[in-house]
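This is what each chain is made of:
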Amino acid sequence: MAGVLLAEKLQLAPSPEEADIILINTCAFIEDARSEAAEAILRACRHKAAGGCRAVIVAGCLPQRYRDRVAQTFPDVDAFVGVDELDQIAAIARQVAAGRRREVGGDGQAPTRLFASPYPGLRFSGGPFAYLKVAEGCNHTCAFCAIPGIRGRYRSRPQVELLTEATALVASGVREINLISQDTTSYGRDRRSSNAGVTLSALLRTLDALDGTFWLRVLYGYPSRVTDELLAVMAAARHVCAYLDLPIQHSHPEVLRGMLRADAVRAVADLPQRLRRAVPGMVLRTTCLVGFPGETEAHFQHLLDYVADAKFDHLGVFAFSPEEGTAAFGRADTPPAEVAAERRDRLLRLQRQVVDARRRALVGTRAEALLLQPLRGDGRKGPGDVIWLARLARQAPEVDGVTHVKGVPDNAKPGQFIPVRLTGGRGYDLAADAVA
Ligand code: SF4
């Protein structure tokens, strides 16, 4: 949307306070996301009522999912923009600036379109890293998940378009490209009939051939879609981090079947072992869902044992959120919310022990750090005055913590890679010293 606005000669304001029109892009897949979106919308509407801006536009998954209700719920919003209408954003902005309201368009069907930015190097990450969306939608039917209904069937972006975007990102100073989608490991499967050989492995090989110093990272895969070929590409690549984010959701076969993820049962069983065998030192992130309908204490204990054994480097936990329009909605065997919350906390406490042990084991090891920004200085010259915020290949942006690096040379710049030796850290964050 930002690219379309720029291409249509509309300016992007540096903050909502300075904007004539506030555009809020929303997430709506669980209750927490909807609450966050609602808070942002109401804040913007209050700002408008106080004369702070001319109009408020709400785009993305919230109007897409609740097209019949959003206008009633948020009567002060000037326009709603569904997922398939994002390229109309400039015309819609002009319309609301002229005082004309707009309901969400479309026919209520799942989205089918794919967009490429007219400004492929444009980014909002606030650092030398970016996200490259390789596909839209999802063809899985996980019983708890509203995303396929909101985003539609899986559709991969053409490889050549992704190559253009990645090239522009690297040229604009990006040093870490994170490949994302609802299921990145399914990249190309929807294009097989017309274009054999389109796979995530092939895409990674192509992007890996780009010149420059940068990382590629694969986020949000599906356990059973990790092929031996993909692991071989990862093991041999120059730029691809030995890192995979594969949400398992659960370990117990009965719960996985209940989640309509039966095709993941076998893959989940030996996932950490298989991946670490194929790519030594592979860093693994996963996500689990607890409190799913039918999950018993014994099922949950199975998950605790699995996680204790797997020793994931990074792990996130969601408590089940019953979502309208999904297979698991309204089931009588749904554990109470307090039970789900308590299981989430227990799993997180266990994972914290894994993280603490791993952090201690990393002390003394060396790694490359990507410098993000100097954190503070006391005004004196010389190395050691400034602590740099940085990340290692084992840390994905925003979710895995950061590394605080001391002794970075004075002339260092954000986006630079430097060798470091790990010295410790705290919680999910690591600490390191720069080494010559
Ligand atoms: S694979 Fe992910 S996005 Fe797709 S239905 Fe399952 S949980 Fe939802």
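Residues numbered from 1 in each chain as written. Predicted model: local features only at pLDDT ≥ 70, side-chain atom pairs only at ≥ 80, totals over all residues. Heavy atoms only, no water.

Let's shift gears to the overall build of the chain. Along the chain, the regular secondary structure elements total 14 helices and 16 strands. Principal-axis analysis of the C-alpha atoms places the extent of the chain at approximately 60 × 60 × 50 Å. Here the chain, with 436 residues, has 51% of them falling under the buried criterion. The contacts in the chain between residues at least 6 apart in sequence include a share of 73% that link residues at least 24 apart. (Helix = DSSP H or I, 4+ residues; strand = E, 2+ residues; numbered from the N terminus. Buried < 20%, exposed > 50% of the residue type's maximum accessible area, 1.4 Å probe, protein only. Contact = heavy atoms within 4.5 Å.)

What follows deals with the domain arrangement of the chain. When its domains are assigned, the chain resolves into domain 1 (2–97), domain 2 (129–361) and domain 3 (366–434). Using only C-alpha atoms to locate each centre, domain 1 and domain 2 end up separated by 29 Å. Contact with domain 2 buries area across many residues of domain 1, yet Phe29, Ile30 and Arg65 alone supply 52% of it, more than any other trio. At the junction of domain 1 and domain 2, the tally comes to four residue pairs in polar contact (both at pLDDT 80 or more). If you list the elements that add at least two residues to the side of domain 1 that touches domain 2, you get helix H2 (31–49) and helix H3 (61–65). With three residues, the single largest contributor to the side of domain 1 that touches domain 2 is H3. Taken together, the residues of the side of domain 1 that touches domain 2 break down into six nonpolar, one polar and five charged. (Domains from an automatic or database assignment. Buried area = accessible area lost by both parts, 1.4 Å probe. Polar contact = N/O pair within 3.5 Å; in protein donor to acceptor, adjacent residues only side chain to side chain. Nonpolar A, V, L, I, M, F, W, Y, C, P; charged D, E, K, R; others polar.)

What follows concerns the nonpolar core. Within soluble globular proteins, side chains that are nonpolar generally end up buried alongside one another. With 64 residues, the main nonpolar core has Ile177, Leu179, Leu204, Leu244, Leu275, Phe292 and Leu347 as its most contacted residues. Formed by 25 residues, the second largest nonpolar core is a distinct cluster that contains Cys61, Phe74, Phe80 and Val104. (Core = buried A, V, L, I, M, F, W, Y, C linked by side-chain atoms within 4.5 Å.)

Let us now look at the packing of helix H13 (residues 297–310) against helix H14 (residues 337–362). Two numbers describe how H13 lies on H14: the axes approach to 10 Å, and their chain directions differ by 20°. Here H13 is positioned roughly parallel relative to H14, judged by the angle of their axes. H13 and H14 meet at a crossing whose hand is right-handed. Of the residues in H14, those in contact with Glu297, Phe300, Gln301, Leu303, Leu304, Val307 and Ala308 of H13 are Arg343, Arg346, Leu347, Leu350 and Gln351. (Axes fitted to C-alpha atoms, helices over the stretch in contact; angles between N-to-C directions. Parallel < 35°, antiparallel > 145°, perpendicular 65-115°, else oblique. Left-handed = near helix turned anticlockwise from the far one by under 90°.)

Next up on the list: the side chain of Arg34. Inspection of the secondary structure assignment puts Arg34 in helix H2. Classification of Arg34 as buried rests on a relative accessible area of 14%. In this structure Arg34 touches Cys27, Ala28, Phe29, Leu62, Arg65, Tyr66 and Glu323, once residues within four positions along its chain are discounted.

On the surface, a nonpolar cluster with roughly 380 Å² of combined accessible area is contributed by Leu12, Tyr119, Leu122 and Phe124. Residue placement: Phe124 occurs in the loop between helix H5 (89–97) and strand E4 (129–133). Residue Phe124 is classed as exposed on the basis of its relative accessible area, which comes to 63%. (Patch = residues over 30% accessible without salt bridge, like charges linked within 9 Å, V, L, I, M, F, W, Y side chains within 5 Å. Areas by Shrake-Rupley, 256 points an atom, 1.4 Å probe, with all protein chains shown as cover. Salt bridge = Lys/Arg side-chain N within 4 Å of Asp/Glu carboxyl O.)

Here the structure, examined in full by the defined rule, presents 29 salt bridges. Here Glu323 and Arg65 are joined by a salt bridge, their closest N and O atoms 2.7 Å apart. Taken together, the residues Glu323 in the loop between strand E11 (314–319) and H14 and Arg65 in helix H3 connect sequence positions 258 residues apart. Arg65 matches Glu323 in its accessibility class, with the two residues each being buried. Measuring nitrogen to oxygen at the nearest pair gives 2.9 Å for the salt bridge that ties Arg331 to Asp333. Look at Arg331 and you get partly exposed, because its relative accessible area is 31%. The exposure class assigned to Asp333 is partly exposed, which follows from its relative accessible area of 38%. Salt bridges linked by common partners bring Glu295, Glu297, Glu342, Arg343 and Arg346 together as one network.

Now for the site of the ligand. The immediate surroundings of the ligand are formed by Cys138, His140, Cys142, Phe144, Cys145, Ile147, Pro148, Gln182 and Arg261. Of the residues belonging to the shell around the ligand, the class tally is six nonpolar, two polar and one charged. (Near = heavy atom within 4 Å.)

What follows deals with the side chain of Asp183. Checked against the element boundaries, Asp183 lands in the loop between strand E7 (176–180) and helix H8 (200–208). Here Thr185 takes part through its side chain, which lies 2.6 Å from a polar atom of the side chain of Asp183. Looking at Asp183, its side chain comes within polar contact range of the main-chain nitrogen of Tyr222, at 3.5 Å. Beyond its immediate sequence surroundings of up to four residues, Asp183 is in contact with His140, Tyr154, Tyr220, Gly221, Tyr222 and Arg225.

Next up on the list: helix H7 (residues 159–171). For H7, spanning 13 residues, the distance from its first C-alpha to its last is 18 Å, which sits close to the expected 18 Å at 1.5 Å a residue. Of all the positions in H7, only Leu162, Glu165, Ala166, Leu169 and Val170 are classed as buried. Each buried residue of H7 sits inside an arc of 135° when the element is viewed along its axis, so together they form one side. Projecting away from the buried face of H7 at angles above 90 degrees are the exposed residues Val160 and Ala171. The inward-facing, buried residues of H7 contact E4, E7 and H8. (Expected span 1.5 Å × (residues − 1). Arc of directions from axis to C-beta.)

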